[in-house]
Amino acid sequence: MVATALVLVAALLHATWNTLIKFSGERLLVIACMDTVALLFVVLAVGFVSVPPLDIWPWIIASALFELLYRYLLIQAYRVGDLGLVYPLMRGLSPLVVLALTLVFAGEVLSTQQILGILLIPFGMLCLLWQGGGGDRLPWSMLPVVALIGLCIGCYTFLDGQALRRWSHPLDYLVWLTLISAWPFPLLAVVRKRAAFNLFWRTQWRLGLSVGFCVLLSYALVLWAMQLGSIAEAAALREVSVILVVLFGMRYLKEPFGRPRLIACGLVLIGMFVMKL
């Protein structure tokens, strides 16, 4: 029950920061500000956490690389696609990736009911391709990019979960992971858009602070939840953020709702209910 509550709060925070990024016209600068805030937080915390053992560093580095690729692809996808299509499709694929990796490489035992609940979520996301997967809402050419984002999410989620099975220090892990993954985009913004980055930081620092806080806290809660329970189940339960993002897109970005998104949200809820019966 504690793990479920942690994941649901993390889902709300994750939906919030993705909506803020999509809402902004300068997504590179928002992510750069977000990472700057996260980096400042963990630099202040680094003196209070323990250093990971040598065998944990490959997991941290691999996860950080998938995180960076995920951020880069996210910027590309949000340029042309609806929040209510891009986000559910990329998040819907990740539970499948985590499930496959967990069953094959981690030997985690899941009940048939849990597996069925997890599978309902990506099947729900497929409904979004009906009357909305192409055209100006999300060009068909972007679907491979969105699928690659989902693969990145699934891979770094699995890596994080396995690292925490070997080193049970979620907050310490998050600090070192952030130290590796949070500096490239601020550096890129300074090199390519120094004046715009400085102006953005001065005028929209509240946005950067909010997104940075949401990212760190969301990640911390998910890591804690994965330590307490099933990695695959935590990854799937986190997809309740899909429902929130569809609603946020409709409310704040004036995106259509429609039958496909309604069915997708319904299958996510049913999948969660089946998993927790």
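Cut-offs and rules
Residues numbered from 1 in each chain as written. Predicted model: local features only at pLDDT ≥ 70, side-chain atom pairs only at ≥ 80, totals over all residues. Heavy atoms only, no water. Phe/Tyr/Trp six-rings, centres within 6.5 Å; stacked < 30°, edge-to-face > 60°. Helix = DSSP H or I, 4+ residues; strand = E, 2+ residues; numbered from the N terminus. Buried < 20%, exposed > 50% of the residue type's maximum accessible area, 1.4 Å probe, protein only. Contact = heavy atoms within 4.5 Å. UniProt positions renumbered as here; feature names shortened; annotations may be inferred.

## With respect to the packing of aromatic side chains
Taken as a whole, this structure holds 3 aromatic pairs when the rule is applied. Look at tryptophan 57 and tryptophan 176: their rings are 5.7 Å apart centre to centre, the planes differ by 75 degrees, and that puts the pair in the edge-to-face class. On the criterion of sequence distance, the pair formed by tryptophan 57 in helix 3 (residues 57-80) and tryptophan 176 in helix 7 (residues 170-181) is long-range, its members being 119 residues apart. For tryptophan 57, a relative accessible area of 23% corresponds to the partly exposed category. The class for tryptophan 176 is buried, based on a relative accessible area of 14%. Between tyrosine 156 and tyrosine 219, the ring centres sit 6.2 Å apart and the planes meet at 35 degrees, which makes this aromatic pair tilted. Of this pair, tyrosine 156 sits in helix 6 (residues 143-166) while tyrosine 219 sits in helix 10 (residues 205-228), and the two are 63 residues apart along the sequence. A single burial state applies to tyrosine 156 and to tyrosine 219, both of which are buried.

## Here we look at the environment of serine 181
Within the secondary structure, serine 181 sits in helix 7. On the accessibility criterion, serine 181 (5% relative accessible area) is buried. For the pair formed by serine 181 and leucine 244, sequence separation is 63 residues and the distance between their alpha carbons is 26 Å. The contacts of serine 181, once residues within four sequence positions are left out, are Asp35, Ala64, Glu67 and Leu68.

## Concerning the UniProt feature "transmembrane region" (unreviewed entry) in the protein
Here, UniProt's "transmembrane region" (unreviewed entry) annotation points to residues 28-49, 56-73, 85-106, 115-132, 138-159, 171-191, 203-224 and 259-275. Along residues 56-73 one finds 94% helix and 0% strand; the C-alpha atoms at either end are 26 Å apart. Its end C-alpha atoms 31 Å apart, residues 171-191 is made of 90% helix and 0% strand.

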